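The chain contents come next:
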Number of protein chains: 2
Amino acid sequence: MAVYTDIAEEELSEFIAGYDVGELLSYKGIAEGTENTNYLLHTSQASFILTLYERRVEESDLPFFLGLMQHLAKKGVTCPLPVQRRDGSMIGRVAGRPAALITFLEGMWLRRPSPRHCRAVGEALARLHLAALDFPQSRANALAPADWRPLWEKAKPQADTVEPGLAAEVEKDLGELLENWPRDLPEGIVHADLFPDNVFFLEDEVSGLIDFYFACHDQLAYDVATCLNAWCFEKDLSYNLTKGTAFLAGYQSVRPLERAEIDALPVLARGSAMRFMLTRLHDWLVLPDGPLIKKRDPMEYIRRLRFHRQIASPSEYGLETA
Amino acid sequence: MAVYTDIAEEELSEFIAGYDVGELLSYKGIAEGTENTNYLLHTSQASFILTLYERRVEESDLPFFLGLMQHLAKKGVTCPLPVQRRDGSMIGRVAGRPAALITFLEGMWLRRPSPRHCRAVGEALARLHLAALDFPQSRANALAPADWRPLWEKAKPQADTVEPGLAAEVEKDLGELLENWPRDLPEGIVHADLFPDNVFFLEDEVSGLIDFYFACHDQLAYDVATCLNAWCFEKDLSYNLTKGTAFLAGYQSVRPLERAEIDALPVLARGSAMRFMLTRLHDWLVLPDGPLIKKRDPMEYIRRLRFHRQIASPSEYGLETA
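Residues numbered from 1 in each chain as written. Chains lettered and ligands numbered in written order. Predicted model: local features only at pLDDT ≥ 70, side-chain atom pairs only at ≥ 80, totals over all residues. Heavy atoms only, no water.

(A) Inspection of the side chain of A:Gln70 at higher detail. Relative to the elements of secondary structure, A:Gln70 occurs in helix α2 (residues 62-74). Aside from chain neighbours lying at most four places away, what touches A:Gln70 is A:Leu81, A:Pro82, A:Gln84 and A:Met90. (Helix = DSSP H or I, 4+ residues; strand = E, 2+ residues; numbered from the N terminus. Contact = heavy atoms within 4.5 Å.)

(B) Structural context of empty space enclosed by the protein. Residue and element names in this part refer to chain B. Scanning all chains against the criterion turns up 1 cavity of 30 Å³ or more. Quantified by volume, the largest cavity comes out at close to 50 Å³. Residue lining of the largest cavity: Asn141, Leu143, Ala192, Phe214, Tyr222, Thr226, Arg275 and Phe276, and that is the complete set. Those elements that place two or more of their residues in the lining of the largest cavity are α6 (220-231) and α8 (259-286). Broken down by class, the residue content of the lining of the largest cavity amounts to 5 nonpolar, 2 polar and 1 charged. (1 Å grid on protein atoms, 1.4 Å probe; cavity = no way out; pocket = protein on both sides within 12 Å on 5 of 7 lines; lining within 4 Å. Points joined across faces, edges and corners; volume = space filled by probe spheres on them. Nonpolar A, V, L, I, M, F, W, Y, C, P; charged D, E, K, R; others polar.)

(C) The arrangement of helix α4 (residues 145-162) of chain B in detail. Residue and element names in this part refer to chain B. Residue Lys156 marks the point of greatest curvature in α4, where the axis turns by about 60 degrees; the proline Pro157 follows within four residues. Among all positions of α4, only Pro145, Trp148, Leu151, Trp152, Ala155 and Ala159 are buried. At its buried positions, α4 is contacted by α5 (166-180), α6 and α8. (Bend = angle between axes of the 7 residues up to and from the residue. Buried < 20%, exposed > 50% of the residue type's maximum accessible area, 1.4 Å probe, protein only.)

(D) Spatial organisation of the domain arrangement of chain A. Residue and element names in this part refer to chain A. Partitioning chain A into domains gives domain 1 (9-103) and domain 2 (115-317). Here the C-alpha centre of domain 2 lies 27 Å away from the C-alpha centre of domain 1. Each side of the interface is counted separately: domain 1 has 22 residues, and domain 2 has 24 residues. Taking both partners together, domain 1 and domain 2 bury about 1,900 Å²; carbon and sulfur atoms supply 66% of that area. The interface formed by domain 1 and domain 2 includes 3 salt bridges. For Lys75, the salt bridge goes to Asp134, with nearest N and O atoms at 2.8 Å. At the junction of domain 1 and domain 2, the tally comes to 8 residue pairs in polar contact (both at pLDDT 80 or more). (Domains from an automatic or database assignment. Buried area = accessible area lost by both parts, 1.4 Å probe. Salt bridge = Lys/Arg side-chain N within 4 Å of Asp/Glu carboxyl O. Polar contact = N/O pair within 3.5 Å; in protein donor to acceptor, adjacent residues only side chain to side chain.)

(E) Focus on the packing of helix α3 (residues 115-132) of chain B against helix α7 (residues 241-254) of chain B. All names here are of chain B. The geometry of α3 relative to α7 is characterised by a closest axis approach of 7 Å and an angle of 30 degrees between their N-to-C directions. With respect to the hand of their crossing, α3 and α7 are arranged in right-handed fashion. On the side of α3, the interface is formed by Pro115, Cys118, Arg119, Val121, Gly122, Glu123, Leu125, Ala126, Arg127, His129 and Leu130, while α7 contributes Thr242, Lys243, Ala246, Phe247, Ala249, Gly250, Tyr251, Ser253 and Val254. A per-class count over the contact of α3 with α7 returns 11 nonpolar, 5 polar and 4 charged. (Axes fitted to C-alpha atoms, helices over the stretch in contact; angles between N-to-C directions. Left-handed = near helix turned anticlockwise from the far one by under 90°.)

(F) Region of the structure containing the interface of chain B and chain A. Counting residues at the interface gives 32 residues for chain B and 32 residues for chain A. Taking both partners together, chain B and chain A bury about 2,900 Å²; carbon and sulfur atoms supply 56% of that area. Considering only the surface of chain B that becomes buried against chain A, B:Lys28, B:Met108 and B:Arg111 emerge as the three largest contributors, covering 23% of it. Where chain B touches chain A, the interface holds 4 salt bridges. The salt bridge partner of B:Arg111 is A:Asp6, with a shortest N-O separation of 2.7 Å. At the boundary of chain B and chain A, one finds 15 residue pairs in polar contact (both at pLDDT 80 or more). Tallied by class, the residues present in the side of chain B that touches chain A amount to 18 nonpolar, 6 polar and 8 charged.

(G) Structural context of the relation of the copies chain B and chain A. With an RMSD of 0.0 Å, the operation that places chain B on chain A is a rotation of 180 degrees combined with a shift of 0.0 Å along the axis. On the angle and the small slide along the axis, the relation comes out as a two-fold axis. A symmetric contact is evident, with 100% of the interface residues of chain B recurring at the interface of chain A. (Least-squares fit on C-alpha atoms with pLDDT ≥ 70 in both.)

(H) Main features of the pattern of salt bridges. Going through the model one piece at a time under the given rule, you end up with 47 salt bridges over all chains. As a salt-bridge pair, B:Arg149 and B:Glu153 come within 3.3 Å of each other at their nearest N and O atoms. Separated by 4 residues within a single helix, B:Arg149 and B:Glu153 lie in helix α4, roughly one turn from each other. Overall, the relative accessible area of 27% leaves B:Arg149 in the partly exposed class. A salt bridge links B:Glu169 to B:Arg309; the shortest N-O distance between them is 2.7 Å. Residue B:Glu169 is located in helix α5, and its partner B:Arg309 is located in helix α9 (residues 299-309); the two are separated by 140 residues in the primary sequence. The network of salt bridges with shared partners includes A:Glu163, A:Glu169, A:Lys172, A:Asp173, A:Glu176, A:Arg270, A:Arg306 and A:Arg309.

Encoded structure:
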């Protein structure tokens, strides 16, 4: 939601000269993405997104992220395609930052997705999972359960300022999750951040999946659980069973979930809520305020945690089980 | 530098249906402008800027601003053209805000303009002044000398926290300026905010003048003085005589300054520096900090004030006087 790095016109023109994309006509910093700086470029050939990778993204991970997008795009997943430089590489440098130029996808992200959109996202997620199965590179999840405790330790001392009793509640949850975390589910590449602002639609069809900068190797059903949290709760934080049913049916129409994945859904959904709660809580309590920091309320994910904690059967998510 | 208002896709599609511009394909909030929210839209026909007017812009001023852009564009000034709605009006409403759709101008604003660019801006400013002479509407300058004291009174009690002695210095300056302000110079419509980020270039030619939301009726030479402040000082706040000479020569090649305008240039430049210093100082000291507020250092304009105060003759700006 911020433009962290400004670019002067001469340095951008010089950077663009490293690509076969025509002449630079305009560039505007856009208010999308929370980790990187993004510009929407018009050249004499087409529109592009220029991403400058800021400090939260490891430069050594870029070949994985960009290679994955290239792999997926070649397999027909509608995701941005990194443009190759004249020297064949996909990573350049501008304004002191590693940078990539990627194709611009038309489409809009939905502030109020309907069940029909949830179904489409389920299908798209499953297609992404299948298309990535033969992607040869790998990357560990930097926000896997083992990473939750260190985040929590930093936020814990002030957690009760957010809500009295929160420290004890999260401590207990975290212990239970780490103890019961599933380990033998089907694995592959997960998007790990497929929130509504990362899915573009045109006329109710998915026109683009973007922002692969949390993608990693993990259990596939964890991605399903993350989407349940991201797509199937209402603004009042109630679970929308119709949307959950639609999302899961969409996913299963492309890749049916195994029995063990279904059984693990409540703990995965709770864990995914924990992961997003912890990063939000950390930013909320630990990061300094600043004009470029958009802090998001951790309580939205505490509420999801509480919902998942009381789930008695995965069927409550809307799974059409046999 | 901020997107204050988010728009849902359905409401934007509905808004766009009021125009004959094709189907909406994408929209991105852009980090330009400090007063309003701007989106860059792609439709099946072209690119557009959608501006949502936030609280700092008076809705009753919009017919003046948009009418002026239309008038100037028709007279060949490269500025955005407000798109007419199917009902003939230029002002719509979206997300609870008055809003206008304007044509998108390719081009880049220059972080480091050269003397050549300063000359081109001088020419463009003079052309704008001449083209606006027969514009039938008028609008008073809301930040004219009479408005400086109320702004100053709000900031004054804390002014010495910015620099010791500042309160007394500004108080004295303000008195002198109000006493000596010229009143009989040629008048017309001025842009009043023609900073580098409001002028687009393509291959060293001016491709667009934007952001007319401070435009008003005032003395034309005041606009010249504002551009001297905006274009002809270096990052170290020294005056660049080469740029000043180029800018003024460019302006005079289209509209020669009268003797009285030239004589008034030091006091106008000092007054213009005062106006920008005061709004910055006010925001710096009086506005609360927030994620959407980008505060700018008032000292940059104190330094300009000091420079103009010691000018002995307008020729020091680089005026080629007879």
